[in-house]
Amino acid sequence: MAQKENVHIAPAEGKLAVLIPGIGAVSTTFIAGVEAVKRGFAKPIGSLTQLSTIRLGKRTDNRSPLIKDFVPLAGLNDLVFGGWDIFEDNAYEAAAHAKVLDPADLEKVREPLEKIRPMKAVFDQDYVRRLHGPNVKDHGTKMDKAEMLMEDIDIFRKNNNADRLIMIWCASTEVFHKPASVHQTLKDFECGLMKNDPEIAPSQIYAYAALKSGVPFANGAPNLTTDTPALLELARERSVPICGKDFKTGQTFMKTLIAPGLKARMLGLSGWFSTNILGNRDGEVLEDPGSFKTKEETKLSALEHILQPSLYPDLYKDVYHAVRINYYPPRGDAKEGWDNIDIFGWMGYPMQIKVNFLCRDSILAAPLVLDLVLFLDLAQRAGMRGIQEWLSFYFKGPMTAPGLYPEHDIFIQLMKLKNTLRWMQGEDLITHLGLEYYD
Ligand SMILES: NC(=O)c1ccc[n+]([C@@H]2O[C@H](COP(=O)([O-])OP(=O)(O)OC[C@H]3O[C@@H](n4cnc5c(N)ncnc54)[C@H](O)[C@@H]3O)[C@@H](O)[C@H]2O)c1
């Protein structure tokens, strides 16, 4: 079949630098995994860009290339890593501290990890109350700090001979804040940076520095960050793609699998109680009610949007939904989540579903980081700017255009992602109508 005119995508030539605020459990597991895959010690399980195929044309055409052969993505050998943290530990030490990976696995990638030494972080104790670290930029206004970050980016680019860069926030969850007046326009925001406005969070200073430098930005945590008119304005002005927020990994991943299924069958829901224990540094930060509130918002919103109680009041009007997270050090990064789901069926008869997910948070998050880095870079080379809704698949709280409700159903998200790739390459979109097979 003749291909349609497709989007022009610049080739993925040269080095792609991945700059990460937060050299902690997720980011070191991601980097260690990429280095292990490059050396043939591991497989990139969980990564769409590395493992998934994409069907093209009709079911009878038998065309299902790997995504990485279909769209021009940067190769793993072209990635170089850098980042910032409030602790001075190099990535090997930070990974050893996080205890996600077995020492024997970590040892095999010790050399590349040891070379990654975090740059001095932009940090504010009011936004992450439980952590104290020495490796911080401790003088100047917020604008000065943004400029120092831009200088870090520039130096990293030069030292590593990088052609392109991506920034992805893997640092701690910041305390809950709503957009304030300083976030309304870029001008207000820049004024606020100069005046040290307390409503500007560190993550927003990183995002500002990235966007100003023309670097795409992804937000793996639930903090507001780029979800403000001012930073959206900057992303569009600089033609830079952005996406967020909060990696969809453990319990919310399960929730967005189960809830669309219940709704598809028109089964009712009266309550959903989710509780977790986890013992890593993320769990410790989330013990603070301010940081937990930020997380709670993204975790709670998914169900509401999937179930659409205003369209289905008989089924979902009075859902009691609660989410708890408890810090429990013995478990480290191996989180355990329990879900009690009270549903009802024909004639209102009640039933229950129990889910007990013994997961590994960073093992689930690492492939998402890889995909986001590669897809954001692709988006930039394809001239796409602003919010990348097709990457909602990866997030608990997907960013959308103002006024548009987010799509949380993971299967709709996946279809949107793959159709975006088909659209980029001028292939027919897949609607699953399929009438042509029965003509
Ligand atoms: N692992 C998952 O499944 C998952 C899912 C969704 C979201 N997240 C989010 O991803 C983030 C990272 O998770 P993690 O388990 O790696 O946490 P972590 O605590 O191991 O790592 C975060 C690191 O960020 C550093 N940090 C804090 N503020 C900083 C700043 N301003 N600048 C630079 N560094 C800073 C901390 O010192 C820490 O080393 C968290 O916000 C978490 O909520 C993780």
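Criteria and thresholds
Residues numbered from 1 in each chain as written. Predicted model: local features only at pLDDT ≥ 70, side-chain atom pairs only at ≥ 80, totals over all residues. Heavy atoms only, no water. Helix = DSSP H or I, 4+ residues; strand = E, 2+ residues; numbered from the N terminus. Rg over C-alpha atoms; globule rule 2.2 N^0.38 Å. Buried < 20%, exposed > 50% of the residue type's maximum accessible area, 1.4 Å probe, protein only. Near = heavy atom within 4 Å. Polar contact = N/O pair within 3.5 Å; in protein donor to acceptor, adjacent residues only side chain to side chain. Nonpolar A, V, L, I, M, F, W, Y, C, P; charged D, E, K, R; others polar. Arc of directions from axis to C-beta. Axes fitted to C-alpha atoms, helices over the stretch in contact; angles between N-to-C directions. Parallel < 35°, antiparallel > 145°, perpendicular 65-115°, else oblique. Left-handed = near helix turned anticlockwise from the far one by under 90°. Contact = heavy atoms within 4.5 Å. Pairing = 2+ DSSP bridges. Expected span 1.5 Å × (residues − 1). Phe/Tyr/Trp six-rings, centres within 6.5 Å; stacked < 30°, edge-to-face > 60°. Lys NZ or Arg CZ within 6 Å of the ring centre and 35° of its normal.

Participant: In this structure, what is going on with the overall build of the protein? I would like to understand it.
Facilitator: When you go through the protein residue by residue, the secondary structure sums to 16 helices and eleven strands. Compactness check: the protein gives a C-alpha radius of gyration of 22 Å against a globular reference of 22 Å for 439 residues, within 12% of the reference. With the C-alpha coordinates of the protein rotated into their principal frame, the extents come out at 65 × 55 × 50 Å. For the protein, with 439 residues in total, the buried portion stands at 56%.

Participant: Is there a simple way to explain the environment of Gly 279 in this structure?
Facilitator: Here Gly 279 is to be found in the loop between strand 7 (268-278) and helix 12 (281-286). In this structure, the C-alpha to C-alpha distance between Gly 279 and Pro 329, residues 50 residues apart in sequence, is 3.8 Å.

Participant: In this structure, what is going on with the site of the ligand? I would like to understand it.
Facilitator: The environment of the ligand is formed by 32 residues, the closest being Val 26, Asp 85, Val 122, Ala 171 and Thr 249. Within the side chain of Arg 281, an N or O atom sits 2.8 Å from an oxygen atom of the ligand. Those elements that provide at least two residues to the shell around the ligand are helix 1 (25-38), strand 2 (79-85), helix 9 (202-212), helix 12 and helix 15 (361-381). By residue class, the composition of the shell around the ligand is 18 nonpolar, seven polar and seven charged.

Participant: So what exactly am I meant to see when it comes to unusual backbone geometry here?
Facilitator: Trans peptide bonds make up the majority, and among non-glycine residues the majority have a negative phi. With omega at -10°, the peptide bond leading from Gly 244 into Lys 245 counts as cis. Along the chain, Lys 245 turns up in the loop between strand 6 (241-244) and helix 11 (251-264). Positive phi, close to 55°, is recorded for Lys 99, a residue that is not glycine. Mapped onto the secondary structure, Lys 99 falls in the loop between helix 4 (91-98) and helix 5 (103-108). By relative accessible area, Lys 99 is classed as exposed at 66%.

Participant: For this particular structure, what's the right way to read helix 4?
Facilitator: An α-helix turns once per 3.6 residues; consequently, residues spaced three or four apart project the same way. Burial in helix 4 covers these residues: Ala 91, Tyr 92, Ala 94, Ala 95 and Ala 98. One side of helix 4 holds all its buried residues, which, seen down the axis, span an arc of 165°. Regarding helix 4, its N-cap is Asn 90, as a side-chain oxygen of that residue lies 2.9 Å from the backbone nitrogen of Tyr 92 further along. Following helix 4 by one or two positions, Lys 99 adopts a phi angle in the positive range, close to 55°.

Participant: Got a minute to help me understand the packing of helix 1 against helix 15 in this structure?
Facilitator: Any two packed helices are characterised by the angle at which their axes cross and by the distance between the axes. Viewed as axis vectors pointing N to C, helix 1 and helix 15 meet at an angle of 65°, and their least axial separation amounts to 8 Å. As summarised for this structure, helix 1 and helix 15 are arranged roughly perpendicular, according to the angle between their axes. As for how helix 1 packs across helix 15, the hand of that crossing is right-handed. Only Ser 362, Ile 363, Ala 365, Ala 366, Val 369 and Leu 370 of helix 15 make contact with helix 1, whose side of the interface consists of Ala 25, Val 26, Thr 29, Phe 30 and Val 34. Class assignment for the residues of the contact of helix 1 with helix 15 results in nine nonpolar, two polar and no charged.

Participant: Can you walk me through the pairing of strand 4 (residues 162-169) in this structure?
Facilitator: Where a strand is regular, its side chains alternate between the two sheet faces. Counting buried positions over the eight residues of strand 4 gives seven, a clear majority of the element. Both strand 1 (residues 15-21) and strand 4 contribute to a ladder of five bridges, which runs parallel. Bridge pairing links Lys 15 to Ala 162 in strand 4. Note: strand 4 against strand 5 (residues 217-219), three bridges, orientation parallel.

Participant: Looking at this model, I keep getting lost on helix 11. Mind explaining?
Facilitator: A rise of 1.5 Å per residue sets the reference length of helix 11, with its 14 residues, at 20 Å; its end C-alpha atoms lie 20 Å apart and thus fit the reference within 8%. Those residues of helix 11 not exposed but buried are Gln 251, Thr 252, Lys 255, Thr 256, Ala 259, Pro 260, Leu 262 and Lys 263. Along the axis of helix 11, the buried positions cluster into a sector of 155°, meaning they face one direction only. Met 266, located one to two residues past helix 11, shows a positive phi value of around 55°.

Participant: Explain the side chain of Glu 389 to me, please; I cannot follow it from the model alone.
Facilitator: Inspection of the secondary structure puts Glu 389 in the loop between strand 11 (386-387) and helix 16 (410-424). Given a relative accessible area of 19%, Glu 389 falls into the buried group.

Participant: How should I be thinking about the sheet that holds strand 3 (residues 119-120) in this particular structure?
Facilitator: One key point about sheets: their strands pair by backbone hydrogen bonds, in either a parallel or an antiparallel sense. Strand order in the open sheet formed by seven strands is 3-2-1-4-5-6-11, with parallel pairing between adjacent strands. Unpaired on one side and paired on the other, strand 3 and strand 11 mark the two borders of the sheet. Bridge count between strand 6 and strand 11: two bridges; the pairing is parallel. Considered in strand 11, the bridge of Ile 242 is made with Ile 387. Here helix 9 sits on the sheet and contacts strand 1, strand 2, strand 4, strand 5 and strand 6; the angle it forms with strand 5, its principal contact strand, is near 155°.

Participant: When you look at the sheet that holds strand 9 (residues 336-344) in this model, what are you seeing that I'm missing?
Facilitator: Read across the open sheet, the four strands follow the order 8-7-9-10; overall the sheet is mixed. Strands at the two margins of the open sheet, each flanked by one partner only, are strand 8 (320-327) and strand 10 (350-358). Shown here is a sheet whose adjacent strand axes are inclined to one another by a mean of 10°, direction ignored. Looking at chain direction, strand 7 and strand 8 are connected through eight bridges and run parallel. From the neighbouring strand, Phe 273 faces strand 8, where its bridge partner is Ala 322. Contacts from helix 13 (residues 289-307) reach strand 7 and strand 8 within the one sheet, and its direction differs from that of strand 8 by about 150°.

Participant: Would you take a moment to explain the packing of aromatic side chains for this structure?
Facilitator: Two descriptors summarise a pair of aromatic rings, namely the distance from one centre to the other and the angle between the planes of the rings. With the rule as written, the count across this model stands at seven aromatic pairs. Plain terms: the ring middles of Phe 189 and Tyr 208 are 5.7 Å apart, the flat faces sit at 40° to each other, and that makes the pair tilted. Linking Phe 189 in helix 8 (residues 186-194) with Tyr 208 in helix 9, this pair joins segments that are 19 residues apart in sequence. Neither residue differs from the other here; Phe 189 and Tyr 208 are each classed as buried. Between the aromatic rings of Phe 393 and Tyr 394, the centroid separation amounts to 5.0 Å while the plane-to-plane angle is 85°, which identifies the pairing as edge-to-face. According to the relative accessible area criterion, Tyr 394 is buried, its value standing at 2%. Taken together, the ring pairs connect Trp 84, Trp 169 and Tyr 206 into an aromatic cluster. The aromatic ring of Phe 41 is capped on one face by Lys 108, whose charged end is 5.3 Å from the ring centroid.

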